[in-house]
Amino acid sequence: MSTIDLDLSGRRALVCGASAGIGRATALTLASMGCGVVALARREDALRALLPELTEAGASDVAFVVGDLDDPDSLADKVAGLDVQILINNSGGPPAGRLLEDPTSKLVAAFRRHVLSAHVLVQATLPTMQRAGYGRVVNVLSTSVREPLPNLGTSNTIRGAMSSWSKTLSMELPPGVTINNVLPGYTETERLSSLLDDHAARQGVSVDTVAAAWRAVVPEARFAAPSELAGVIAFLCSPAASYVRGQSIAVDGGRTRAL
Ligand SMILES: NC(=O)c1ccc[n+]([C@@H]2O[C@H](COP(=O)([O-])OP(=O)(O)OC[C@H]3O[C@@H](n4cnc5c(N)ncnc54)[C@H](OP(=O)(O)O)[C@@H]3O)[C@@H](O)[C@H]2O)c1
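Residues numbered from 1 in each chain as written. Predicted model: local features only at pLDDT ≥ 70, side-chain atom pairs only at ≥ 80, totals over all residues. Heavy atoms only, no water.

### Describing a nonpolar patch on the surface
Line of reasoning, step 1. Judged by side-chain polarity, I4, L6 and F235 come together as a nonpolar surface patch covering roughly 260 Å² of accessible area.
Line of reasoning, step 2. Here L6 is to be found in the segment before β1 (12–16). (Patch = residues over 30% accessible without salt bridge, like charges linked within 9 Å, V, L, I, M, F, W, Y side chains within 5 Å. Areas by Shrake-Rupley, 256 points an atom, 1.4 Å probe, with all protein chains shown as cover. Salt bridge = Lys/Arg side-chain N within 4 Å of Asp/Glu carboxyl O. Helix = DSSP H or I, 4+ residues; strand = E, 2+ residues; numbered from the N terminus.)

Put into structure tokens, the structure is as follows:
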């Protein structure tokens, strides 16, 4: 009988943006698969509170790193010696706004937080992936890789850059080390709350009105729970996903119309 191999015991993951939202849910799901977890974010109190939950979920070992993805030059030292085979590149999305009105400083900041940090972290963790003969990189991007979203100009731009960066690396990384992207749709996190607030304020309507309009364009007719993203991310980290490479997988309840 053939079975699906989702066992991550003996592996360790570095999960960025693990103090909240999709990153936190991903850390917990990986823990439930027996993986060791190193949680990285800026808020130390939230990371500290997460560790016992990770242990309870089944993580083989747990640790945290207080780190700032806005400062890519600091990251290699922060993660040196961690011995991880799985890297989740995930952080906070750029603030909303129309691209025409965005200053270059906003684009540069987003490039640093997303592309440069992910780049430094891949370079820093690749040696331990190669030594293990097992590597998984999963980048949490957005459906705007397929269809740019209104009022998210800098975010749309940076997701395109990340997706191109990732596809290029999928051709350069050695066999056994895969890289893939997960593209969230509307997911119930702090990020979604702040986007709903921003859109409601710009349109002069209530948050409930905006939320209802957003749900109406999702064939599943609801927002995602962070755990629904985490399940797909964790699958891509598993042995079962060994032949999935260089792909962008939307987890959006069917909202994106692009083929
Ligand atoms: N939620 C959605 O509906 C949705 C839809 C499409 C795409 N996305 C994208 O998916 C990704 C994750 O979204 P989310 O909804 O989970 O976001 P979230 O709830 O805002 O959580 C973001 C996480 O990233 C961490 N973070 C932010 N800036 C950081 C920095 N400079 N250095 C280190 N850690 C940092 C935050 O922790 P600290 O504050 O403790 O550092 C937090 O743990 C984002 O790129 C987002 O734009 C989300």
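### Description of the sheet that holds strand β5 (residues 135–140)
Line of reasoning, step 1. One open sheet holds the 7 strands; their spatial order is β3-β2-β1-β4-β5-β6-β7, and the pairing between them is parallel. Looking at the sheet topology across the chains shown, the edges are occupied by β3 (62–66) and β7 (248–251). Each adjacent strand pair in this sheet contributes to an overall mean axis angle of 20°, direction not counted.
Line of reasoning, step 2. Sheet topology note: the β1/strand β4 (residues 86–89) ladder contains 3 bridges and is parallel. Of the residues in β4, the one forming a bridge with A13 is I86.
Line of reasoning, step 3. Contacting β4, β5 and β6 (177–184), helix α5 (residues 153–172) runs over the sheet at an angle of about 155° to β6. (Pairing = 2+ DSSP bridges. Axes fitted to C-alpha atoms, helices over the stretch in contact; angles between N-to-C directions. Contact = heavy atoms within 4.5 Å.)

### Structural notes on the state of the cysteines
Line of reasoning, step 1. What the rule picks out here adds up to 0 disulfides.
Line of reasoning, step 2. Free cysteine C16: the closest other cysteine sulfur is in C237, separated by 12 Å.
Line of reasoning, step 3. C35 provides the cysteine sulfur closest to C237, a residue in no disulfide bond, and the two sulfurs are 7.5 Å apart.
Line of reasoning, step 4. Overall, the relative accessible area of 0% leaves C237 in the buried class. (Disulfide = S-S within 2.5 Å. Buried < 20%, exposed > 50% of the residue type's maximum accessible area, 1.4 Å probe, protein only.)

### Comments concerning the packing of helix α6 (residues 190–203) against helix α7 (residues 207–216)
Line of reasoning, step 1. Two numbers describe how α6 lies on α7: the axes approach to 8 Å, and their chain directions differ by 110°. When the axes of α6 and α7 are compared, the pair comes out roughly perpendicular. Viewed along their axes, α6 and α7 form a crossing whose handedness is right-handed. From α6, L192, L195, L196, D197, H199, A200 and Q203 reach across to α7, where they touch V207, V210, A211 and W214.
Line of reasoning, step 2. The residue makeup of the contact of α6 with α7, split by class, is 8 nonpolar, 2 polar and 1 charged. (Parallel < 35°, antiparallel > 145°, perpendicular 65-115°, else oblique. Left-handed = near helix turned anticlockwise from the far one by under 90°. Nonpolar A, V, L, I, M, F, W, Y, C, P; charged D, E, K, R; others polar.)

### Brief notes about the nonpolar core
Line of reasoning, step 1. By size, the foremost hydrophobic cluster in this structure holds 32 residues, and its most contacted members are L8, V15, L30, L54, I86 and I88.
Line of reasoning, step 2. Counting only elements with at least two residues in this core, the list comes to β1, α1 (21–32), β2 (36–41), α2 (44–57), β4, β5 and α8 (226–237).
Line of reasoning, step 3. Broken down by element, this core gets its largest block of residues, 5 residues, from α8.
Line of reasoning, step 4. Excluding anything up to four places from it in sequence, L8 contacts L30, M33, G34, C35, I86, Y134, C237, S238 and P239. (Core = buried A, V, L, I, M, F, W, Y, C linked by side-chain atoms within 4.5 Å.)

### Focus: the site of the ligand
Line of reasoning, step 1. The ligand sits among 30 residues. The nearest are S19, R42, L69, R159 and T189.
Line of reasoning, step 2. One nitrogen or oxygen atom from the main chain of G92 is found 3.4 Å from an oxygen atom belonging to the ligand.
Line of reasoning, step 3. At a separation of 3.3 Å, an oxygen atom of the ligand approaches a polar backbone atom of G185.
Line of reasoning, step 4. Contact with the protein chains covers 94% of the free accessible surface of the ligand, which is 880 Å².
Line of reasoning, step 5. When contributions to the shell around the ligand are tallied by element, the ones reaching two or more residues are α1 and α6.
Line of reasoning, step 6. Along the lines of polarity and charge, the residues of the shell around the ligand split into 10 nonpolar, 12 polar and 8 charged. (Near = heavy atom within 4 Å. Polar contact = N/O pair within 3.5 Å; in protein donor to acceptor, adjacent residues only side chain to side chain.)

### So, the packing of aromatic side chains
Line of reasoning, step 1. As enumerated under the stated definition, the model contains 2 aromatic pairs in all.
Line of reasoning, step 2. When the ring of Y186 is compared with that of W214, the centres are 4.8 Å apart and the planes differ by 0°; the resulting orientation is stacked. Taken together, the positions of Y186 in the loop between β6 and α6 and W214 in helix α7 put the pair 28 residues apart, joining distant regions of the chain. Like W214, Y186 is buried.
Line of reasoning, step 3. Ring geometry for Y186 versus F223: centroids 5.5 Å apart, planes at 65°, classification edge-to-face. Of this pair, Y186 sits in the loop between β6 and α6 while F223 sits in the loop between α7 and α8, placing them 37 residues apart in sequence. You'll find Y186 and F223 in the same group, each marked buried.
Line of reasoning, step 4. An aromatic cluster of at least three residues, connected via ring pairs, comprises Y186, W214 and F223.
Line of reasoning, step 5. The residue whose ring lies beneath R215 is F223, and the NZ or CZ to ring-centre distance is 4.5 Å.
Line of reasoning, step 6. Over the ring of Y186 we find R255; its NZ or CZ atom is 4.3 Å from the centre of that ring. (Phe/Tyr/Trp six-rings, centres within 6.5 Å; stacked < 30°, edge-to-face > 60°. Lys NZ or Arg CZ within 6 Å of the ring centre and 35° of its normal.)

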